[in-house]
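# Tertiary structure, described
Chain residues, written in single-letter form:
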Amino acid sequence: MEEFHKVRRLPPYVFEEVNRLKAAARANGADIVDLGMGNPDLATPKFIVDKLCEAIRDPRTHRYSASKGIGGLRKAQANYYARRFGVKLDPNTQVVATLGSKEGFANMAQAITAPGDVVLCPNPTYPIHAFGFIMSGGTIRAIPAKPDADFMVAIDRAVRHSIPKPIAIILNYPANPTAFQADLDFYREVVAFARKHEIIVLSDLAYAEIYFDGPPPPSILQVEGAIDVAVEFTSMSKTFSMPGWRMGFAVGNERLLAALARVKSYLDYGAFTPIQVAATAALNAGEEATREVREIYHRRRDVLVESFTRAGWPVPAPSSTMFAWAPLPDAYRHLGSLEFSKLLIEKADVAVAPGIGFGEHGDEHVRIALVENEHRIRQAARNIRRFLASDDEAGQKVVSLGAKS
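Numbers given to residues run from 1 along each chain, matching the order in which its sequence is written. Residues qualify for local features only when their pLDDT is at least 70, as the model is predicted, and side-chain atom pairs are given and counted only at 80 or more; totals for whole chains, interfaces and linings, by contrast, use all residues. Side-chain measures here rest on the full set of heavy atoms in the structure, leaving out hydrogens and waters.

## Comments concerning the environment of F85
Put simply, the rule reads: Secondary structure is summarised from DSSP: a helix means a run of H or I of at least four residues, a strand means a run of E of at least two, and numbering begins at the N terminus for each. Note on contacts: a residue pair qualifies if any of its non-hydrogen atoms lie within 4.5 Å across the two residues.
Position of F85 relative to the elements: it lies in helix α4 (residues 71-85). A C-alpha to C-alpha distance of 32 Å links F85 and G138, two positions 53 residues apart in sequence. If sequence neighbours within four positions are ignored, F85 has contacts with Y80, L205, A208, P217, P218, S219 and Q222.

## A short note on the UniProt feature "domain: Aminotransferase class I/classII large" (unreviewed entry) in the chain
This is how it is decided: UniProt positions are given in the numbering used here, feature names are shortened, and annotations may be inferred rather than shown by experiment.
Under the present numbering, the feature "domain: Aminotransferase class I/classII large" (unreviewed entry) in UniProt falls on residues 31-383. Across residues 31-383, the secondary structure splits into 41% helix and 14% strand, with the terminal C-alpha atoms separated by 11 Å.

## Considering unusual backbone geometry
Going by this rule: For each residue, the accessible area found with a 1.4 Å probe, counting protein chains only, is set against the maximum for its type, and the residue is called buried under 20%, exposed over 50%, and partly exposed in between.
The omega angle of the peptide bond from N123 to P124 is 5 degrees, so this bond is cis rather than trans. Among the structural elements, P124 can be located in the loop between β3 (118-122) and α6 (127-135). Residues other than glycine seldom take positive phi values, yet E198 does so here, at roughly 55 degrees. Within the element layout of this structure, E198 appears in the loop between α8 (184-197) and β6 (200-204). On the basis of relative accessibility, which here comes to 67%, the residue E198 falls in the exposed class. Despite not being glycine, R246 has its phi angle at roughly 55 degrees, a positive value. With respect to the element layout, R246 can be found in the loop between β7 (230-235) and β8 (248-252). Its relative accessible area of 32% is what places R246 among the partly exposed residues.

## Remarks on the sheet that holds strand β12 (residues 365-369)
How we decide: Pairing between strands is defined by DSSP: at least two bridges between them are needed.
Pairing in this open sheet of three strands is antiparallel, and the strands run β9-β12-β11 from one edge to the other. Lying at the two open borders of the sheet, with one neighbouring strand each, are β9 (323-327) and β11 (353-354). In this structure, β11 lies alongside β12, joined through two bridges in antiparallel fashion. Within the sheet, the bridge partner assigned to A353 lies in β12 and is R367.

## With respect to the packing of aromatic side chains
The line we're drawing: The aromatic pairing rule takes the rings of Phe, Tyr and Trp, using the six-membered ring of Trp, and pairs them if the centres are within 6.5 Å, calling planes under 30 degrees apart stacked, those over 60 edge-to-face and the rest tilted.
Throughout the structure, instances matching the rule amount to 15 aromatic pairs. Arranged with centres 5.9 Å apart and planes meeting at 80 degrees, the rings of Y80 and F85 form a pair that is edge-to-face. Just as Y80 is buried, F85 falls in that class too. Measuring from centroid to centroid gives 5.5 Å for W313 and F340, while their planes differ by 90 degrees, and the two rings are edge-to-face. Here W313 is found in the loop between α11 (288-310) and β9, whereas its partner F340 is found in helix α12 (residues 337-348), with 27 residues between them in sequence. Looking at W313, the relative accessible area reads 1%, which means it is buried. An aromatic cluster of three or more residues is present, and its members are F308, W313, Y332, F340 and F387.

In structure tokens:
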């Protein structure tokens, strides 16, 4: 039977090969240090769990909720933006609660995309940024992931040479997987460009509170006039160690958020109300609730960079996010990121995410997630040191169907 149209538009799921190999190794007794999936291992803070338990005992919270979020939650998110960024938002019209930033992006794509619409998307980037629009019938035109002069040249060229003209630009800073970070000067350039060409800007700010070096990452909405063209997505998954709770937000332009809210009203009833009540308590707790999480990831970042570099695999230190974007060791670069990731599982009992899964321009890197404790990260480094020491020439000898010519 012929594949369904939308399924046919999706490529094979690259990460599934690594997941299968990882599961098989574990089934055979291997102790895999899993630094692949960005799935936080930290417990949700006790005060958030306690608020959930309190709310869940009230039978009134067991009914359907509002798909755009309860009023108290939207107000708490607006207050967060006021405290953190100095941005004033109307919680009734400029804030929509989502089931994580991923769902928000996917449903925004559903809301604004017509068949054949062109969207400018960084490569490499988090997969939903591209595939949310592909599944909605759009076409992706790749642009550089790094927020520099080349980025502005690329989007200018794309607007001049794309038919039809692009409808949207996707931004993601701090970036997953690259950990690139943007400043307000960059956002000012993008906003001015978007306003001039009447293009929507969708900014993924999921890692706003996971930063280590330099000033905290800014919001695009801090730029004057950004509210006319931009919507920004945030998530509580990493900031508050709440990945399974599925709570995020879209904030910004009223017209775009009204479209998102209308689509969501047909598709879901929002997160379970006790989860929204607990999320409200988390947001209202302020900076204290996020500082410890940030410090843990900072320590893990330092251990990863130091131990992997001593093991013979230099890893650049990310200034933000919970990921390191590591170039493949020179001896293995010809394999590409997928084959190298498989080799790490087989020979070093370490799992990472192949860069090709984030776009073809990511194939010379792997993403390493800070989702194991410091002891386990050092264990991974020891495993990798042994692998590199015993396999000096293996990178040249391995013949793979997936290897580059």
